[in-house]
Structure formats: C-alpha cells, structure tokens
Amino acid sequence: MSLTFELDPEFDAGLRDGVLTLWADVTNAGGAVGFVPPVTVEDVRPELLKHLASLAEGRVRLLVGRDEDGAVAATAFLTLNTHRLMGHWLWLYTVMVHPRHQGRGYGRDLMAAAADAARSIGGIEAIRLTCRGGTGVDRFYASCGYKEVGRVPDAIRVAPGDDRDDITMYLPLY
C-alpha cells in the first residue's frame, strides 16, 4: 500500500474536512504543526482559512496524499515567494502524515512528492522549511536530504518554561 499524491486537488467540502481532521489528529498526537495539543477541528479552522485565501490568490499550492480508502492522509502546502529576488525557491508548510499511517515510509513519500511538485512548478530551485526543535523532526528532514541552514534559539514557546528552537532547513532541487 502507498499513498496517492495530487497537487492542486479540487478543494471541496470533503477535502476541507479531511485536512481539518488530519491537522487536529496530527497535533493531538504530538505533531508540531502550529499548535499544542489538545486542539479541535474548530481551533484549526482559522489557520486553514488563511491557507485557503493564499490558495485562492495563487500564492500557495496544496499537495494531498490519500490512502487506499481515498481519505486525506498527508498534506504539504507549497508557498511561493512574492519577493522578486526570492522567486527561485519556495517554503514548505504544514507537512503532515496522519498518525495511523506513520512508520510506513509515507513521510518520505510525502517529502519526495513535495520535491517533485516543486520541480513541476517551474523556476523553483530549492525548498525551505522550518521545524520545531526538540521533536527530532529535523533529523527526519535531514535524512530526506535537507540541510540545517539556520536556528533561532528559544523562538517557539510551546508552554511556559518550554521554549524550542526554530530550525530552518533547505533542500536544493538540482
């Protein structure tokens, strides 16, 4: 079994609900995707609406991975740069694989699909992403070919007395 990936799927109510559920489930399982557990779908909805506004403006592209049942199992948002000197690379945000699918190599599949999607856009030579320190996910991204290029100590406060580094990672595509 593997996931089926699609760049820029039609965004309907089913996809919206699938992404919201994925985001809440990943967060509640301890994933570092912009929230601290516990969250509900309603907590996540305003952040998804921000992504949707950027999708509508053409500044963001959505990559979705679906499982064998057609359920949303993975996502990544590819955000194009609007700065005229930085249009040759993009940001990767909200990279998620549903907890029930983790440990099967789907994270690597998602990262490979994101790199392929970035290459398909044209003119994109690299991907940057940020991740929360202390989670180990930076080691995962490094194993996918990303290199750490920056770190801001204690920039992310997940709780009083629990500050984490904000790590920037970079993947050249060519």
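Our subject in this report is the structure included herewith.

Cut-offs applied
- Residues numbered from 1 in each chain as written.
- Predicted model: local features only at pLDDT ≥ 70, side-chain atom pairs only at ≥ 80, totals over all residues.
- Heavy atoms only, no water.
- Pairing = 2+ DSSP bridges.
- Helix = DSSP H or I, 4+ residues; strand = E, 2+ residues; numbered from the N terminus.
- Axes fitted to C-alpha atoms, helices over the stretch in contact; angles between N-to-C directions.
- Contact = heavy atoms within 4.5 Å.
- Phe/Tyr/Trp six-rings, centres within 6.5 Å; stacked < 30°, edge-to-face > 60°.
- Lys NZ or Arg CZ within 6 Å of the ring centre and 35° of its normal.

1. Here's the deal with the sheet that holds strand β4 (residues 89-97)
Turning to step 1, where the next piece is worked out: Taking strand neighbours across the sheet as the criterion, the 7 strands line up as β1-β2-β3-β4-β5-β7-β6 in an open arrangement whose pairing is mixed. For this open sheet the edge positions go to β1 (4-7) and β6 (147-159), each flanked by a neighbour on one side alone. Direction aside, the axes of adjacent strands within the sheet are offset by 25° on average.
Turning to step 2, where the next piece is worked out: Strand direction decides the pairing type here: β6 and strand β7 (residues 162-172), joined by 8 bridges, are antiparallel. By the bridge assignment for β7, K147 is matched with Y170.
Turning to step 3, where the next piece is worked out: With respect to the sheet, helix α2 (residues 41-57) is in contact with β2 (60-66), β3 (72-80) and β4, its orientation differing from that of β2 by roughly 120°.

2. A few points about the packing of aromatic side chains
Turning to step 1, where the next piece is worked out: One pass over the structure, following the stated rule, counts 5 aromatic pairs.
Turning to step 2, where the next piece is worked out: A ring pair is formed by F140 and Y141, whose centres lie 5.5 Å apart and whose planes are at 55°; its orientation type is tilted.
Turning to step 3, where the next piece is worked out: Of the aromatic side chains, those joined through ring pairs into one cluster are W89, W91 and Y93.
Turning to step 4, where the next piece is worked out: If you follow R128 out to its NZ or CZ, it ends over the ring of W89, 4.2 Å from the centre.

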